[in-house]
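What follows is the residue order along each chain.
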Amino acid sequence: MGARLSRSDFQWVYTDEPHTTRRKEMLQKYPQIKQLMGHDWRIAAQVILTVIIQIVMAILVQDVSWKYVWFFTYIISGTLNHSLSISFHEIGHNLAFGNLRPTANRILGFIANLPLCIPSSVTFKKYHIDHHKFQGDDMLDPDLPTYFEAWLFQSRIGKFFYIVAQPLLYAVRPLLRVPKPVTQLEVINLFIEIVFDAIIMYFLGTKSFVYLLFGTLLGLGLHPISGHFISEHYIFVEGYETYSYYGPLNYLTFNVGYHNEHHDFPNVPGYALPQLKKIAPDYYDNLPCHYSWSKVLIDFIRDPHLGPQSRIRRTIRSSALKSNNAIDMKNKHQVNEILHEVVDNNNNTHPHISKHDRKIINMKKHSSKNPSAINTNEHHTKTE
(Lines give C-alpha, C1' and ligand atoms only; values in the text may rest on other atoms or scores of the structure.)
Protein backbone atom coordinates (compact mmCIF):
# COMPACT_ATOMS: atom_id res chain seq x y z
CA MET A 1 0.00 0.00 0.00
CA GLY A 2 2.99 2.30 0.36
CA ALA A 3 4.14 1.94 -3.24
CA ARG A 4 5.06 5.28 -4.75
CA LEU A 5 4.59 6.63 -8.24
CA SER A 6 7.04 5.56 -10.90
CA ARG A 7 6.41 8.91 -12.64
CA SER A 8 8.48 11.60 -10.93
CA ASP A 9 7.10 14.66 -12.71
CA PHE A 10 4.27 15.90 -14.89
CA GLN A 11 4.54 15.17 -18.60
CA TRP A 12 5.71 18.30 -20.39
CA VAL A 13 4.79 18.94 -24.01
CA TYR A 14 5.62 21.81 -26.34
CA THR A 15 2.51 21.87 -28.48
CA ASP A 16 -0.88 23.47 -27.93
CA GLU A 17 -3.94 21.56 -26.70
CA PRO A 18 -5.48 19.43 -29.48
CA HIS A 19 -9.13 20.47 -29.36
CA THR A 20 -8.98 23.81 -31.18
CA THR A 21 -7.26 22.25 -34.17
CA ARG A 22 -9.62 19.29 -34.21
CA ARG A 23 -12.65 21.57 -33.99
CA LYS A 24 -11.64 23.42 -37.15
CA GLU A 25 -10.98 20.20 -39.04
CA MET A 26 -14.27 18.65 -37.98
CA LEU A 27 -16.34 21.69 -38.93
CA GLN A 28 -14.82 21.65 -42.39
CA LYS A 29 -15.53 17.95 -42.82
CA TYR A 30 -18.88 17.81 -40.99
CA PRO A 31 -20.57 21.24 -41.22
CA GLN A 32 -23.81 19.67 -39.91
CA ILE A 33 -22.23 19.75 -36.44
CA LYS A 34 -23.26 23.41 -36.29
CA GLN A 35 -26.88 22.29 -36.06
CA LEU A 36 -26.11 20.70 -32.67
CA MET A 37 -24.88 23.98 -31.20
CA GLY A 38 -27.17 26.01 -28.98
CA HIS A 39 -29.09 25.24 -25.81
CA ASP A 40 -31.38 22.51 -24.50
CA TRP A 41 -34.39 23.02 -22.21
CA ARG A 42 -33.96 19.50 -20.79
CA ILE A 43 -30.99 20.74 -18.75
CA ALA A 44 -33.25 23.05 -16.74
CA ALA A 45 -35.90 20.34 -16.42
CA GLN A 46 -33.41 17.82 -15.03
CA VAL A 47 -32.00 20.40 -12.60
CA ILE A 48 -35.41 21.42 -11.25
CA LEU A 49 -36.54 17.79 -10.87
CA THR A 50 -33.33 16.87 -9.03
CA VAL A 51 -33.62 19.85 -6.66
CA ILE A 52 -37.24 18.92 -5.86
CA ILE A 53 -36.24 15.32 -5.12
CA GLN A 54 -33.47 16.51 -2.81
CA ILE A 55 -35.76 18.84 -0.88
CA VAL A 56 -38.40 16.10 -0.53
CA MET A 57 -35.74 13.67 0.69
CA ALA A 58 -34.47 16.25 3.18
CA ILE A 59 -38.00 16.46 4.58
CA LEU A 60 -38.34 12.66 4.76
CA VAL A 61 -35.04 11.95 6.54
CA GLN A 62 -35.61 14.34 9.43
CA ASP A 63 -37.33 11.63 11.50
CA VAL A 64 -35.39 8.50 10.52
CA SER A 65 -32.54 6.98 12.53
CA TRP A 66 -28.99 8.17 11.93
CA LYS A 67 -27.88 4.93 10.26
CA TYR A 68 -30.49 5.48 7.55
CA VAL A 69 -29.60 9.16 7.30
CA TRP A 70 -26.01 8.23 6.42
CA PHE A 71 -27.16 5.46 4.07
CA PHE A 72 -29.46 7.81 2.14
CA THR A 73 -26.84 10.55 2.26
CA TYR A 74 -24.25 8.50 0.43
CA ILE A 75 -26.49 6.58 -1.96
CA ILE A 76 -29.11 9.18 -2.90
CA SER A 77 -27.83 12.61 -1.87
CA GLY A 78 -24.26 11.84 -2.94
CA THR A 79 -25.44 10.82 -6.39
CA LEU A 80 -27.93 13.65 -6.91
CA ASN A 81 -25.74 16.41 -5.47
CA HIS A 82 -22.86 15.30 -7.67
CA SER A 83 -25.26 15.41 -10.61
CA LEU A 84 -26.25 18.96 -9.66
CA SER A 85 -22.60 20.00 -9.37
CA ILE A 86 -22.07 18.75 -12.92
CA SER A 87 -25.07 20.79 -14.05
CA PHE A 88 -22.89 23.84 -13.27
CA HIS A 89 -20.81 22.63 -16.20
CA GLU A 90 -23.75 22.93 -18.62
CA ILE A 91 -25.08 26.12 -17.03
CA GLY A 92 -21.62 27.71 -17.04
CA HIS A 93 -21.51 27.33 -20.82
CA ASN A 94 -24.99 28.92 -21.07
CA LEU A 95 -26.34 25.67 -22.51
CA ALA A 96 -29.59 25.70 -20.52
CA PHE A 97 -31.10 28.91 -21.92
CA GLY A 98 -28.54 30.09 -24.45
CA ASN A 99 -26.03 32.94 -24.62
CA LEU A 100 -28.79 35.53 -25.08
CA ARG A 101 -30.25 34.75 -21.64
CA PRO A 102 -27.29 34.86 -19.24
CA THR A 103 -29.45 35.93 -16.29
CA ALA A 104 -31.71 32.90 -16.72
CA ASN A 105 -28.64 30.64 -16.74
CA ARG A 106 -27.28 32.26 -13.58
CA ILE A 107 -30.63 31.93 -11.77
CA LEU A 108 -30.78 28.25 -12.71
CA GLY A 109 -27.25 27.93 -11.32
CA PHE A 110 -28.41 29.41 -8.00
CA ILE A 111 -31.29 26.92 -7.90
CA ALA A 112 -29.05 23.97 -8.75
CA ASN A 113 -26.66 25.08 -6.02
CA LEU A 114 -29.26 25.03 -3.22
CA PRO A 115 -29.07 21.35 -2.13
CA LEU A 116 -25.27 21.39 -2.19
CA CYS A 117 -25.21 23.78 0.83
CA ILE A 118 -21.90 25.26 -0.39
CA PRO A 119 -21.96 28.22 -2.83
CA SER A 120 -20.07 27.23 -5.95
CA SER A 121 -22.06 27.65 -9.17
CA VAL A 122 -20.78 31.14 -10.03
CA THR A 123 -17.19 30.40 -9.00
CA PHE A 124 -17.19 27.24 -11.10
CA LYS A 125 -18.15 29.17 -14.22
CA LYS A 126 -15.54 31.84 -13.55
CA TYR A 127 -12.71 29.31 -13.55
CA HIS A 128 -14.02 26.57 -15.82
CA ILE A 129 -13.89 28.72 -18.96
CA ASP A 130 -10.15 29.16 -18.36
CA HIS A 131 -9.74 25.38 -18.22
CA HIS A 132 -11.03 25.21 -21.81
CA LYS A 133 -9.01 28.16 -23.04
CA PHE A 134 -5.76 27.15 -21.31
CA GLN A 135 -5.97 23.36 -21.04
CA GLY A 136 -2.80 22.01 -19.49
CA ASP A 137 -1.11 25.40 -19.19
CA ASP A 138 1.32 25.41 -16.29
CA MET A 139 0.25 28.86 -15.11
CA LEU A 140 -3.31 29.35 -16.32
CA ASP A 141 -5.26 26.08 -16.24
CA PRO A 142 -7.12 26.08 -12.88
CA ASP A 143 -7.82 22.34 -13.18
CA LEU A 144 -4.19 21.22 -13.02
CA PRO A 145 -3.07 19.71 -9.69
CA THR A 146 -0.57 21.84 -7.81
CA TYR A 147 3.00 20.69 -7.28
CA PHE A 148 2.20 20.34 -3.57
CA GLU A 149 -0.61 17.89 -4.38
CA ALA A 150 1.74 15.94 -6.63
CA TRP A 151 4.26 15.69 -3.78
CA LEU A 152 1.77 14.92 -1.00
CA PHE A 153 -0.42 12.25 -2.63
CA GLN A 154 2.18 9.87 -4.11
CA SER A 155 1.58 6.53 -2.39
CA ARG A 156 -1.45 4.30 -2.82
CA ILE A 157 -2.76 5.47 0.54
CA GLY A 158 -2.08 9.05 -0.52
CA LYS A 159 -3.98 8.55 -3.77
CA PHE A 160 -6.92 7.12 -1.80
CA PHE A 161 -7.09 10.29 0.29
CA TYR A 162 -6.54 12.36 -2.84
CA ILE A 163 -9.84 11.01 -4.15
CA VAL A 164 -11.56 11.51 -0.78
CA ALA A 165 -10.35 15.12 -0.71
CA GLN A 166 -11.52 15.99 -4.22
CA PRO A 167 -14.32 18.36 -3.01
CA LEU A 168 -11.78 20.42 -1.06
CA LEU A 169 -9.07 20.28 -3.72
CA TYR A 170 -11.48 21.12 -6.52
CA ALA A 171 -12.68 24.18 -4.58
CA VAL A 172 -9.32 25.47 -3.37
CA ARG A 173 -7.06 24.64 -6.32
CA PRO A 174 -8.27 27.45 -8.65
CA LEU A 175 -7.98 30.01 -5.85
CA LEU A 176 -4.33 29.07 -5.36
CA ARG A 177 -3.34 28.64 -9.00
CA VAL A 178 -5.11 31.54 -10.73
CA PRO A 179 -6.78 33.72 -8.06
CA LYS A 180 -9.41 36.18 -9.27
CA PRO A 181 -11.33 38.95 -7.48
CA VAL A 182 -14.64 38.01 -5.86
CA THR A 183 -17.55 39.10 -8.04
CA GLN A 184 -20.96 40.47 -7.13
CA LEU A 185 -22.61 37.30 -8.43
CA GLU A 186 -20.48 35.23 -6.07
CA VAL A 187 -21.65 37.35 -3.14
CA ILE A 188 -25.26 36.84 -4.23
CA ASN A 189 -24.61 33.11 -4.56
CA LEU A 190 -23.21 33.07 -1.01
CA PHE A 191 -26.15 35.01 0.43
CA ILE A 192 -28.74 32.75 -1.22
CA GLU A 193 -26.96 29.64 0.04
CA ILE A 194 -26.70 30.94 3.62
CA VAL A 195 -30.41 31.70 3.66
CA PHE A 196 -31.29 28.27 2.25
CA ASP A 197 -29.02 26.48 4.76
CA ALA A 198 -30.56 28.44 7.62
CA ILE A 199 -34.07 27.53 6.47
CA ILE A 200 -33.17 23.83 6.31
CA MET A 201 -31.64 23.91 9.80
CA TYR A 202 -34.51 25.90 11.35
CA PHE A 203 -37.47 24.05 9.84
CA LEU A 204 -36.09 20.56 9.21
CA GLY A 205 -33.21 20.14 11.64
CA THR A 206 -29.72 18.69 11.74
CA LYS A 207 -30.43 15.37 10.00
CA SER A 208 -31.81 17.07 6.93
CA PHE A 209 -28.87 19.46 6.78
CA VAL A 210 -26.41 16.58 7.18
CA TYR A 211 -28.20 14.72 4.39
CA LEU A 212 -27.65 17.61 1.99
CA LEU A 213 -24.22 18.87 3.07
CA PHE A 214 -22.55 15.48 3.37
CA GLY A 215 -24.25 14.41 0.17
CA THR A 216 -21.97 16.99 -1.43
CA LEU A 217 -18.85 16.07 0.54
CA LEU A 218 -19.26 12.32 0.11
CA GLY A 219 -20.72 12.43 -3.38
CA LEU A 220 -17.82 14.45 -4.76
CA GLY A 221 -15.28 12.33 -2.87
CA LEU A 222 -15.07 8.55 -2.71
CA HIS A 223 -18.08 7.92 -4.94
CA PRO A 224 -18.37 6.14 -8.33
CA ILE A 225 -19.33 9.35 -10.15
CA SER A 226 -16.11 10.96 -8.88
CA GLY A 227 -14.27 8.82 -11.37
CA HIS A 228 -14.94 11.60 -13.87
CA PHE A 229 -12.47 13.87 -12.04
CA ILE A 230 -9.72 11.36 -12.81
CA SER A 231 -10.91 9.97 -16.13
CA GLU A 232 -11.10 13.26 -18.00
CA HIS A 233 -7.46 14.38 -18.27
CA TYR A 234 -5.16 12.04 -16.34
CA ILE A 235 -2.80 10.14 -18.65
CA PHE A 236 -3.99 6.56 -19.01
CA VAL A 237 -2.48 6.13 -22.47
CA GLU A 238 0.71 7.94 -23.44
CA GLY A 239 0.11 10.68 -25.98
CA TYR A 240 -3.53 11.37 -25.01
CA GLU A 241 -4.63 14.02 -22.55
CA THR A 242 -8.44 13.97 -22.78
CA TYR A 243 -10.60 10.86 -22.42
CA SER A 244 -14.29 10.14 -22.79
CA TYR A 245 -16.39 7.80 -20.66
CA TYR A 246 -19.21 5.87 -22.36
CA GLY A 247 -21.05 4.29 -19.45
CA PRO A 248 -24.55 4.42 -17.90
CA LEU A 249 -23.75 7.15 -15.36
CA ASN A 250 -23.83 9.63 -18.23
CA TYR A 251 -27.62 9.58 -17.89
CA LEU A 252 -27.29 11.18 -14.44
CA THR A 253 -24.48 13.57 -15.31
CA PHE A 254 -25.57 15.46 -18.42
CA ASN A 255 -23.24 13.29 -20.56
CA VAL A 256 -20.16 14.86 -18.97
CA GLY A 257 -18.43 11.59 -19.79
CA TYR A 258 -18.34 12.62 -23.46
CA HIS A 259 -15.36 14.75 -22.58
CA ASN A 260 -13.39 14.72 -25.81
CA GLU A 261 -16.56 15.70 -27.59
CA HIS A 262 -17.25 18.46 -25.06
CA HIS A 263 -13.77 19.99 -25.31
CA ASP A 264 -13.99 19.89 -29.09
CA PHE A 265 -17.39 21.65 -29.04
CA PRO A 266 -18.17 23.26 -25.65
CA ASN A 267 -21.20 25.02 -27.20
CA VAL A 268 -22.95 21.71 -27.89
CA PRO A 269 -25.28 20.69 -25.01
CA GLY A 270 -24.47 17.46 -23.22
CA TYR A 271 -27.67 15.84 -24.45
CA ALA A 272 -26.41 16.23 -28.04
CA LEU A 273 -22.87 14.93 -27.53
CA PRO A 274 -23.73 11.28 -28.36
CA GLN A 275 -25.10 12.53 -31.67
CA LEU A 276 -21.86 14.44 -32.27
CA LYS A 277 -19.93 11.21 -31.75
CA LYS A 278 -22.13 9.46 -34.31
CA ILE A 279 -21.59 12.21 -36.87
CA ALA A 280 -17.79 11.98 -36.61
CA PRO A 281 -16.88 8.36 -35.69
CA ASP A 282 -13.52 8.70 -37.44
CA TYR A 283 -12.51 11.30 -34.85
CA TYR A 284 -13.72 9.47 -31.73
CA ASP A 285 -14.06 5.72 -32.18
CA ASN A 286 -10.30 5.09 -32.16
CA LEU A 287 -9.51 7.29 -29.16
CA PRO A 288 -8.77 5.55 -25.83
CA CYS A 289 -11.78 5.82 -23.53
CA HIS A 290 -13.35 4.51 -20.33
CA TYR A 291 -16.45 2.46 -19.65
CA SER A 292 -16.36 2.40 -15.83
CA TRP A 293 -15.67 5.31 -13.50
CA SER A 294 -15.34 2.89 -10.58
CA LYS A 295 -12.58 1.05 -12.43
CA VAL A 296 -10.91 4.39 -13.13
CA LEU A 297 -10.71 5.07 -9.37
CA ILE A 298 -9.39 1.57 -8.61
CA ASP A 299 -6.80 1.75 -11.38
CA PHE A 300 -5.74 5.22 -10.27
CA ILE A 301 -5.02 3.99 -6.74
CA ARG A 302 -3.35 0.71 -7.69
CA ASP A 303 -1.34 1.62 -10.80
CA PRO A 304 2.11 3.05 -9.90
CA HIS A 305 2.16 4.91 -13.23
CA LEU A 306 -0.92 6.94 -12.24
CA GLY A 307 -1.17 9.77 -9.74
CA PRO A 308 -1.53 13.55 -9.46
CA GLN A 309 1.53 13.92 -11.71
CA SER A 310 -0.20 12.02 -14.52
CA ARG A 311 -1.17 15.22 -16.31
CA ILE A 312 0.16 17.04 -19.34
CA ARG A 313 1.61 20.49 -18.72
CA ARG A 314 2.60 23.11 -21.28
CA THR A 315 3.58 26.79 -21.32
CA ILE A 316 2.85 27.75 -24.92
CA ARG A 317 -0.08 30.09 -24.12
CA SER A 318 1.17 31.61 -20.86
CA SER A 319 4.59 32.18 -22.46
CA ALA A 320 2.95 33.96 -25.40
CA LEU A 321 0.97 36.19 -23.02
CA LYS A 322 4.03 36.94 -20.89
CA SER A 323 6.13 37.87 -23.91
CA ASN A 324 3.43 40.34 -24.94
CA ASN A 325 2.98 41.76 -21.41
CA ALA A 326 -0.61 40.46 -21.29
CA ILE A 327 -0.31 37.87 -18.54
CA ASP A 328 -2.77 39.75 -16.31
CA MET A 329 -5.38 39.20 -19.09
CA LYS A 330 -7.11 42.54 -18.45
CA ASN A 331 -7.16 43.47 -22.13
CA LYS A 332 -9.40 40.73 -23.56
CA HIS A 333 -8.95 41.89 -27.16
CA GLN A 334 -5.18 41.70 -26.86
CA VAL A 335 -5.35 38.31 -25.13
CA ASN A 336 -7.61 36.84 -27.80
CA GLU A 337 -5.38 38.14 -30.58
CA ILE A 338 -2.30 36.59 -28.97
CA LEU A 339 -4.08 33.27 -28.46
CA HIS A 340 -5.18 33.22 -32.10
CA GLU A 341 -1.53 33.70 -33.04
CA VAL A 342 -0.63 30.71 -30.88
CA VAL A 343 -3.23 28.56 -32.62
CA ASP A 344 -2.06 29.66 -36.07
CA ASN A 345 1.56 28.86 -35.28
CA ASN A 346 0.60 25.53 -33.72
CA ASN A 347 -1.17 24.62 -36.96
CA ASN A 348 1.87 25.73 -39.00
CA THR A 349 -0.28 28.32 -40.73
CA HIS A 350 2.16 30.86 -42.19
CA PRO A 351 4.22 31.01 -38.96
CA HIS A 352 6.72 33.53 -40.28
CA ILE A 353 4.52 36.23 -41.77
CA SER A 354 3.28 39.36 -40.05
CA LYS A 355 -0.08 39.81 -38.35
CA HIS A 356 -1.14 42.25 -41.07
CA ASP A 357 -0.35 39.80 -43.88
CA ARG A 358 -2.04 36.95 -42.02
CA LYS A 359 -5.23 39.02 -41.76
CA ILE A 360 -5.16 39.62 -45.52
CA ILE A 361 -4.69 35.90 -46.17
CA ASN A 362 -7.60 35.02 -43.89
CA MET A 363 -9.80 37.57 -45.63
CA LYS A 364 -8.87 36.15 -49.05
CA LYS A 365 -9.86 32.67 -47.85
CA HIS A 366 -13.41 33.91 -47.51
CA SER A 367 -13.41 36.20 -50.54
CA SER A 368 -15.51 33.80 -52.62
CA LYS A 369 -18.37 34.23 -50.15
CA ASN A 370 -17.88 37.95 -49.62
CA PRO A 371 -15.60 39.61 -52.20
CA SER A 372 -16.09 43.06 -50.69
CA ALA A 373 -14.44 41.90 -47.49
CA ILE A 374 -10.93 42.08 -49.04
CA ASN A 375 -8.97 45.19 -48.29
CA THR A 376 -5.29 44.96 -49.18
CA ASN A 377 -4.53 47.86 -47.00
CA GLU A 378 -5.43 46.26 -44.08
CA HIS A 379 -4.27 4.78 -32.56
CA HIS A 380 -4.64 3.00 -29.67
CA THR A 381 -7.00 0.37 -28.33
CA LYS A 382 -9.65 1.44 -25.87
CA THR A 383 -8.78 1.17 -22.21
CA GLU A 384 -10.90 -0.89 -19.87
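Note that this is a predicted model, so its numbers are computed, not measured. (Residues numbered from 1 in each chain as written. Predicted model: local features only at pLDDT ≥ 70, side-chain atom pairs only at ≥ 80, totals over all residues. Heavy atoms only, no water.)

1. Digging into the side chain of aspartate 40
Right, on to step 1. With respect to the helices and strands, the residue aspartate 40 is situated in the loop between helix H1 (19-29) and helix H2 (41-60).
Right, on to step 2. When its relative accessible area of 10% is taken as the criterion, aspartate 40 is described as buried. (Helix = DSSP H or I, 4+ residues; strand = E, 2+ residues; numbered from the N terminus. Buried < 20%, exposed > 50% of the residue type's maximum accessible area, 1.4 Å probe, protein only.)

2. A short note on the nonpolar core
Right, on to step 1. Grouped together as the largest cluster of nonpolar side chains are 36 residues, with contacts concentrated most on Met26, Ile230, Leu276 and Tyr284.
Right, on to step 2. Going through the elements one at a time, helix H7 (156-164), helix H13 (273-279), helix H14 (281-284) and helix H15 (293-302) are the ones with two or more residues in this core.
Right, on to step 3. Among the elements that make up this core, the one with the highest residue count is H15 (4 residues).
Right, on to step 4. Discounting residues that sit within four places of it in the chain, tyrosine 284 has contacts with Met26, Tyr246, Asn260, Glu261, Asp264, Phe265, Leu276 and Lys277. (Core = buried A, V, L, I, M, F, W, Y, C linked by side-chain atoms within 4.5 Å. Contact = heavy atoms within 4.5 Å.)

3. Focus: the packing of helix H4 (residues 102-113) against helix H9 (residues 184-203)
Right, on to step 1. One can describe the packing of H4 onto H9 by two numbers: an axis separation of 10 Å at closest approach and a directional angle of 35 degrees. The two elements H4 and H9 meet at a crossing, and its hand is right-handed. Contacts from Arg106, Phe110 and Asn113 of H4 reach H9 at Leu185, Ile188, Asn189, Ile192 and Glu193.
Right, on to step 2. Residues belonging to the contact of H4 with H9 are distributed by class as follows: 4 nonpolar, 2 polar and 2 charged. (Axes fitted to C-alpha atoms, helices over the stretch in contact; angles between N-to-C directions. Left-handed = near helix turned anticlockwise from the far one by under 90°. Nonpolar A, V, L, I, M, F, W, Y, C, P; charged D, E, K, R; others polar.)

4. Quick word on the UniProt feature "transmembrane region" (unreviewed entry) in the protein chain
Right, on to step 1. Per the UniProt entry, the sites bearing "transmembrane region" (unreviewed entry) are residues 43-62, 68-88 and 210-230 in this numbering.
Right, on to step 2. Strand forms 0% of residues 43-62 and helix 90%; the C-alpha atoms that close the span are 29 Å apart. (UniProt positions renumbered as here; feature names shortened; annotations may be inferred.)

5. Re the layout of surface pockets
Right, on to step 1. Approximately 870 Å³ is the volume attributed to the second largest pocket.
Right, on to step 2. In terms of lining residues, the second largest pocket is bounded by 41 residues, among which Ser120, Thr123, Phe124, Tyr170 and Ala171 are the most central.
Right, on to step 3. Of all the secondary-structure elements, those providing two or more residues to the lining of the second largest pocket are helix H3 (66-92), helix H5 (121-133), helix H8 (166-177), H9, helix H10 (206-219) and helix H11 (227-231).
Right, on to step 4. Per element, the largest residue contribution to the lining of the second largest pocket is 8 residues, and it comes from H8.
Right, on to step 5. Partitioning the lining of the second largest pocket into residue classes produces 23 nonpolar, 12 polar and 6 charged. (1 Å grid on protein atoms, 1.4 Å probe; cavity = no way out; pocket = protein on both sides within 12 Å on 5 of 7 lines; lining within 4 Å. Points joined across faces, edges and corners; volume = space filled by probe spheres on them.)

6. Thoughts on the environment of glutamate 17
Right, on to step 1. Structurally, glutamate 17 can be placed in the loop between strand S1 (11-12) and H1.
Right, on to step 2. Residue classification places glutamate 17 among the buried residues on the basis of a relative accessible area of 3%.
Right, on to step 3. Linking glutamate 17 and arginine 313, residues 296 residues apart in sequence, is a C-alpha distance of 9.8 Å.
Right, on to step 4. If near-sequence neighbours (up to four positions away) are discounted, glutamate 17 is found in contact with Gln135, Glu241, Arg314 and Arg317.
Right, on to step 5. Of the polar contacts made by the side chain of glutamate 17, one reaches the backbone nitrogen of histidine 19; its length is 2.7 Å.
Right, on to step 6. Only 2.5 Å separates the side chain of glutamate 17 from the side chain of threonine 20, close enough to count as a polar contact. (Polar contact = N/O pair within 3.5 Å; in protein donor to acceptor, adjacent residues only side chain to side chain.)

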